[in-house]
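# Close look at the chain arrangement
Next come the chains, spelled out residue by residue.
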Amino acid sequence: MSEEIKVQENAEPVEAAEAAETAEVTTQDLSGVVAYKKGDVVKGKIVKIEDNQAIVDIGYKYDGVIPLRELSNVNIDNASEAVQVGQELELKVLSLDDERERLVLSKRAVDSEHSWAELQAKLESGEIIEAQVKEVVKGGLVVDVGLRGFVPASMVERHFVEDFSDYKGRTLRLKVKELDREKNKVVLSQKDVLEEEYEANKKKLMSELTVGQQLEGTVQRLTKFGAFVDIGGIDGLVHISEMAWHHVEKPSDVVKEGDKVQVKVLKVDPENDRISLSIRATQPGPWELAADKIHPGDIISGTVKRLVSFGAFVEVAPGVEGLVHISQIAHRHIGTPHEVLKEGQEVNVKVLDFNPAEKRVSLSIKETEEAPEPAARSDRKSDRGSRGGNESIPPRESLSMTLGERFGDKLSKLK
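A brief look at the structure comes next. What you see is a predicted model; the values in this text were computed from it and never measured.

Take the overall build of the protein chain next. Counting its regular elements, the protein chain contains six helices and 20 strands. Evaluated residue by residue, the protein chain yields a buried proportion of 33% over its 415 residues. Residue pairs at least 24 apart in sequence account for 56% of intrachain contacts in the protein chain once pairs closer than 6 positions are excluded. Summed over all atoms, the accessible surface of the protein chain reaches about 26,900 Å², with 48% contributed by carbon and sulfur.

This is the structure in structure tokens:
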């Protein structure tokens, strides 16, 4: 018994070696055709494309098929979206049935293996990759990066996008944000790429900008306090006070998103990444426009804007106000302008002096009116006579009485 056991023990290495030789032989049949098994990675060439599969020649005794679902990690409607006739690929054997002459292969499985390693390297290096949008789904976009990659809606652009329906088929430039092989999760971002380019471009452009420079820009966004204008890759702010020479209630009264506008650089602040722009500075000011229309001696209409102790400010053209001194408001003496005028009142004024360079105009209201005639002295005398004249007034001599004459009797009694 022990001898048999020893023989068997000694035979095990020989049998193992023979089995290995047999395994090597069975990879090729008598006709010289290589035999394959499930899990093998093979090379093949696409020889035919059908709607739901691709036919592949891998040098076997019959062709293999790649089902539609095994062509790509993303959903496709037709095999031609993933491969082309004549294309050479690495494929994984999923199943092999010689009796039915059916060989099922997968492109997706091989792509996935390669892609995980490549994407991990790109995540670490920060390399930019390009990928085509295959699907628009709730919350973002699906792209093909050898795996099913997801770009969240918040990571597609630098600005908010409401509708992604026209993004299908676009090629995006992306950075890998997150990889989780266990959950088969690949998250990518185009926004990171755009932000980096924007910052680099902004620094370059800001170094080239000069105060007073005039540029053409495109209105990007409107806010309550103004409008952000793109001036060649960077945004500058046009404050609401710099949108027009007249008072602006809200920016949308002057511009809308997408408008092309001329702007002037007011201030460049690289430390705080701020550029101040002006639209109104590129346009003729109200005083410049008024210079051709208003001249000394003209009588024009205006609106009382403000009343002060020394007079009234009257707007005679949009953005042009002149002073009517209190002495020029009325022919009669007045204590305050409020006795005659009120804000919002329309009045006629005469231009006494106009200096657009100093933005000063002197006006007069009383010069537009005729002065009342002074009352005649003779009228006052006749008026006094009509009330009794000299008859009612005792003669001067009658008033010349001494105290003794007036109170003589009384004084004597007192004595």
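By secondary structure assignment, the location of R102 is in strand β5 (residues 102-106). The exposure class of R102 is partly exposed, given its relative accessible area of 39%. As a C-alpha pair, R102 and V65 span 37 residues in sequence and 7.9 Å in three-dimensional space. Excluding anything up to four places from it in sequence, R102 contacts Y62, V65, S95, L96 and D97.

This part takes up the nonpolar core. Counting residues in each nonpolar core, the largest one holds 24 residues, and the members touching the most others are I294, V314, V316, V349 and L363. Only α4 (286-291), β16 (299-308), β17 (311-317), β18 (320-325), β19 (346-355) and β20 (360-364) provide two or more residues apiece to this core. The residues touching V316, leaving out its near neighbours within four places in the chain, are I294, I300, S301, G302, V349 and L363. Judged by nonpolar contacts, the second largest core, of 22 residues, contains L205, L215, V238 and A244.

Residues other than glycine predominantly adopt negative phi, and peptide bonds predominantly adopt the trans conformation. Positive phi, normally seen in glycine, also occurs at E101, with a value near 50°. Positive phi is not limited to glycine here, since K359 has a value of about 50°. Note on placement: K359 falls in the loop between β19 and β20. Relative accessible area serves as the criterion here: at 52%, K359 is assigned to the exposed category.

A separate point is the pairing of strand β10 (residues 185-189). Burial analysis of β10 places four of its five residues in the buried class, which makes it a mostly covered element. The sheet contact formed by strand β9 (residues 171-180) and β10 spans five bridges and is antiparallel. Following the sheet pairing, L179 is matched in β10 by V186. If you look at the hairpin formed by β9 and β10, you'll find four residues sitting between the two strands, and N184 has a positive phi there, around 55°.

To continue, consider helix α3 (residues 191-208). With 18 residues, α3 extends 25 Å between its outermost C-alpha atoms, agreeing within 8% with the 26 Å of an ideal straight helix rising 1.5 Å per residue. The set of residues buried in α3 consists of V193, L194, Y198, K202, L205 and M206. Elements in contact with the buried residues of α3: β9, β10, β13 (235-239), β14 (260-269) and β15 (274-278).

Calculation notes
Residues numbered from 1 in each chain as written. Predicted model: local features only at pLDDT ≥ 70, side-chain atom pairs only at ≥ 80, totals over all residues. Heavy atoms only, no water. Helix = DSSP H or I, 4+ residues; strand = E, 2+ residues; numbered from the N terminus. Buried < 20%, exposed > 50% of the residue type's maximum accessible area, 1.4 Å probe, protein only. Contact = heavy atoms within 4.5 Å. Areas by Shrake-Rupley, 256 points an atom, 1.4 Å probe, with all protein chains shown as cover. Core = buried A, V, L, I, M, F, W, Y, C linked by side-chain atoms within 4.5 Å. Pairing = 2+ DSSP bridges. Expected span 1.5 Å × (residues − 1).

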